[in-house]
Amino acid sequence: MTDERQPHATEIPPGMTVLRFRGDLDFEDASSLAEAIQGALAENPRVLAIDVSAITFADSSMLRTLVETQQHIEDKSGTMVLVGPITPPMRRLLEITATDELFTIVENVSQAMTVRLPGSAPEDDHRQR
């Protein structure tokens, strides 16, 4: 597992933290995964984007960590986004556990920057006439 907090060609706006994980994420990696996420949450991001596009294997320990992270950040009025494209192993884990509808999933970090925060008012596209 690799935790990379450096942006890759996309400037990350204030209030957003991006974590990129690569490789196999299983029970043996659960504590380091949780530690990396806790470090990110300590920064109090409004948006936590977790890039899962390079995950080659994931098990229920990773899924549990993602669910707990989402609940934690929502309690703080933030949002968590999974950034893809979602790999087949990750997609399978989400689908067989019926959690694919639980998470906001976007194709790239740029799309993650456009996700509306919980409790924010939808933009009125007709304001300027």
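Structure first, text after, so check above.
Thresholds, definitions, all that
- Residues numbered from 1 in each chain as written.
- Predicted model: local features only at pLDDT ≥ 70, side-chain atom pairs only at ≥ 80, totals over all residues.
- Heavy atoms only, no water.
- Axes fitted to C-alpha atoms, helices over the stretch in contact; angles between N-to-C directions.
- Helix = DSSP H or I, 4+ residues; strand = E, 2+ residues; numbered from the N terminus.
- Parallel < 35°, antiparallel > 145°, perpendicular 65-115°, else oblique.
- Contact = heavy atoms within 4.5 Å.
- Nonpolar A, V, L, I, M, F, W, Y, C, P; charged D, E, K, R; others polar.
- Expected span 1.5 Å × (residues − 1).

Enquirer: Teacher, can you tell me more about the packing of helix H2 (residues 60–75) against helix H3 (residues 88–96) here?
Expert: Working note: a packed helix pair is described by the angle between its axes plus the distance between those axes. In contact at an axis separation of 11 Å, H2 and H3 are set at 70° when each is read in the N-to-C sense. What the angle tells us is that H2 and H3 run roughly perpendicular. Contact residues: H2 offers Ser60, Met62, Leu63 and Leu66, while H3 offers Met90, Leu93 and Leu94. A per-class count over the contact of H2 with H3 returns six nonpolar, one polar and no charged.

Enquirer: I'm lost on H2 in this one. Help?
Expert: Three or four residues apart is the spacing at which side chains of an α-helix point the same way, because the helix has 3.6 residues per turn. Across its 16 residues, H2 extends 22 Å between first and last C-alpha, which sits within 8% of the 22 Å expected from 1.5 Å per residue. Tucked inside the fold, the buried residues of H2 contact strand E2 (16–25), helix H1 (30–41), strand E3 (47–58), strand E4 (79–83) and H3.

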